[in-house]
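Residue-level structure breakdown
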Amino acid sequence: MQGLMMDWQLTLTHVLERARRVFHEQRISSRHAAGVHRYRFADMTRRADRLAGALAGLGVARGDRIGTLGWNSHRHLEAYYAVPCMGAVLHTLNLRLHPDQLAYVINHARDRVLLVDASLLPLLEKVRDRIPTVEQVVVMSDGPLGAGLPPGAHDYEALLAAASGHFLWPELDEQDAAALCYTSGTTGHPKGVLYSHRSLVLHTLGFSIADAFAIRERDVVLTIVPMFHANAWGLPFAAGMLGCSLVLPGPHLVPKDLVDLIESEGVTFVGGVPTIVSALYQYLKESGRKVPTLRQILVGGSALPRVLLENFEAMGIEVVHAWGMTELSPAGTVSRLRRDMDDWPPEEKTRVRLLQGSPFPLVELRILMDDGTEAPWDGVTAGELEARGPWVARAYYEDPSGADRFHDGWFRTGDVASIDARGYVRLVDRTKDMVKSGGEWISSVDLENVIMGHPQVAEAAVIAVAHPKWTERPLACVVPKPDCAGALSRSAIREWLRGRVADWWLPDDVVVIEGVPKTSVGKFDKKVLRERFKDHVWPEAS
Ligand code: AMP
């Protein structure tokens with residue numbers, strides 16, 4: 001027997017119309033070179049109508065991929081709504097990719113139109129003659145483009161001005177593709193994740209609930225996380241659905257600019273990766289500036305370092321740790337304390353908050369061991385973390401080379417983790433970053449976290465290097481804080497680690513480096529370090 005409820009399609013068109021009808025007064029602030037551009041949801045939705053009309057005028061049809069090469073801005077936001085709601089697919093391009101990879105993803109997606117920030121035209125220029133499927137280029141600019149407009153390209157503002165203000169949004173199926181995002185690709189080519197309207201709508205609801213990020217209408221949300229990285233974690237869609245204000249920093253990501261924006265816009269909620277959030281903290285500490293409106297910082301993308309949690313808490317700002325992946329839209333887990341933990345000692349509470357956390361509603365997780373059996377939820381037994389749920393990818397977009405990541409209805413994350421009895425995940429490492437020493441595994445992430453607690457260490461990355469006796473041993477690459485280089489000897493780091501990790505985990509050597517190389521989305525790029533130190537000569541004693 002079937003229920004008697006409406007057959008209601010979960011589409012972003014509903015979110016767009018909700019923003020228009022219910023939250024038209026909410027503000028969107030977008031930082032440009034000349035200052036902060038502010039307008040309201042009413043303006044954003046009207047301009048989305050015109051953008052859809054303009055794109056239809058350029059021949060865009062349902063299912064076409066529209067690439068965006070842009071910083072976080074109000075025009076990019078208009079595309080976030082107009083493109084999926086007209087039935088096309090928003091393909092956010094990672095502007096930090098190497099031109100060869102950029103050309104690869106544009107060609108793989110067969111983008112027909114590109115929306116490009118004027119400041120990124122030099123990047124487009126590097127690939128323009130290698131992307132034959134791109135028929136039209138539309139340039140998003142803050143001022144008149146004049147001679148700066150490449151031949152044959154369109155000016156975004158001129159297109160909108162010429163378009164009709166009445167676009168008839170089509171009826172969509174919730175399973176229609178809405179957005180496409182390629183993973184950062186630490187190995188092989190980037191792989192496309194194709195989100196549906198349904199997955200994005202459910203994801204937005206799932207991550208906003210009180211025990212996740214508790215985003216409310218009265219929040220002012222600053223998305224430091226780029227709009228090309230897993231849809232800026234879904235925050236632009238949360239704004240439309242929940243009615244919170246949105247603050248978009250453009251390319252102005254240095255801490256001072258971010259703090260200016262937090263101050264001028266009254267930001268209450270920030271989402272960003274640890275690297276940038278750490279830089280924000282350093283600046284606040286050094287400048288003595290205060291951010292009294294800020295209530296919560298969502299940190300994800302890499303493990304939350306303990307010092308970051310403690311430093312912000314000392315300022316009265318709550319830090320919430322979450323784990324996710326492009327393939328999970330990205331919300332996987334979030335770490336919140338439960339009621340019965342209220343009386344726990346502070347140290348225990350911190351331990352829980354530094355875990356990756358328990359799954360979001362509708363996401364299911366399990367740990368699979370090498371022999372194919374499922375690990376118990378004992379908080380100790382580690383294996384590969386697998387996920388399934390309505391916003392988890394079931395395949396990569398037209399890429400059979402990644403098929404082995406999907407089996408029996410589950411997605412293999414490539415992360416090694418354990419899960420405790422209450423469902424809290426503890427990430428041990430990426431499968432490919434673990435150090436295999438004499439047949440036993442050492443977690444590079446655990447070592448890094450402890451080393452980064454050393455008062456004179458700014459950053460640390462641990463990599464596996466071949467070893468004649470143990471197959472692999474850990475090498476610690478440390479970045480000293482200013483004027484501390486002399487203090488970071490091999491023995492000093494090993495002394496710091498002793499008692500904090502098992503003795504056989506102690507890195508056999510320590511090298512001081514100027515900075516940890518980062519991937520295009522700000523994560524440690526250990527591939528580069530592995531290559532640099534592949535012939536490292538171990539000290540005699542090791
Ligand atoms: P991406 O798809 O680029 O966002 O990368 C996803 C990967 O980032 C995950 O598979 C993890 O390895 C890593 N990651 C994301 N969030 C966290 C976290 N909170 N702690 C540790 N690693 C994380």
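To be clear, the structure that these remarks concern was listed above.
Secondary structure assignment for the chain yields 15 helices and 26 strands. By the compact-globule yardstick of 24 Å for 542 residues, the chain fits well, its C-alpha radius of gyration being 24 Å. For the chain, the spread of C-alpha atoms along the principal axes amounts to about 75 × 65 × 50 Å. Every one of the 542 residues in the chain was classed for burial, and the buried ones make up 57%. Once local pairs closer than 6 in sequence are excluded, the contacts in the chain between residues at least 24 apart make up 68%. Of the roughly 23000 Å² that the chain leaves accessible, carbon and sulfur atoms contribute 54%. Computing the positive centroid from 59 side-chain charges and the negative centroid from 67, the chain places the two 3 Å apart.

On to the packing of helix α13 (residues 444–451) against helix α14 (residues 490–497). Where α13 contacts α14, the axes come no closer than 10 Å and their chain directions differ by 100°. Regarding the angle of α13 to α14, the classification is roughly perpendicular. Of the residues in α14, those touching α13 at L447, V450 and I451 are I493, W496 and L497.

Judged from the six bridges that link them, strand β1 (residues 27–32) and strand β2 (residues 35–40) form a sheet pairing that is antiparallel. In the sheet register, S29 faces β2, and the bridge partner there is R38. Here β1 hands over to β2 after two residues, the two strands then running antiparallel side by side.

What follows is about the sheet that holds β2. Strand order in the open sheet formed by nine strands is β2-β1-β11-β10-β12-β13-β14-β15-β16, and the pairing between neighbours is mixed. With partners counted over all chains shown, the strands left at the sheet margins are β2 and β16 (358–359), one partner each. This element, helix α2 (residues 41–57), spans β1 and β2 of the sheet and lies at about 80° to β2.

With an omega dihedral of 10°, the bond running from S329 to P330 counts as a cis peptide bond. Residue position: P330 is located in the loop between β14 (318–324) and β15 (331–335). A positive phi angle, near 50°, is found at A232, a position not held by glycine. Inspection of the secondary structure puts A232 in the loop between β10 (220–223) and α8 (235–242). The exposure class of A232 is buried, given its relative accessible area of 0%. The phi angle at T471 is positive, at roughly 75°, despite the residue not being glycine. Following the sequence through the fold, T471 ends up in strand β25 (residues 471–480). We classify T471 as exposed; its relative accessible area is 51%.

Scoring rules and cut-offs
- Residues numbered from 1 in each chain as written.
- Predicted model: local features only at pLDDT ≥ 70, side-chain atom pairs only at ≥ 80, totals over all residues.
- Heavy atoms only, no water.
- Helix = DSSP H or I, 4+ residues; strand = E, 2+ residues; numbered from the N terminus.
- Rg over C-alpha atoms; globule rule 2.2 N^0.38 Å.
- Buried < 20%, exposed > 50% of the residue type's maximum accessible area, 1.4 Å probe, protein only.
- Contact = heavy atoms within 4.5 Å.
- Areas by Shrake-Rupley, 256 points an atom, 1.4 Å probe, with all protein chains shown as cover.
- Lys, Arg positive; Asp, Glu negative; His and termini not counted.
- Charge placed at Lys NZ, Arg CZ, Asp CG, Glu CD.
- Axes fitted to C-alpha atoms, helices over the stretch in contact; angles between N-to-C directions.
- Parallel < 35°, antiparallel > 145°, perpendicular 65-115°, else oblique.
- Pairing = 2+ DSSP bridges.

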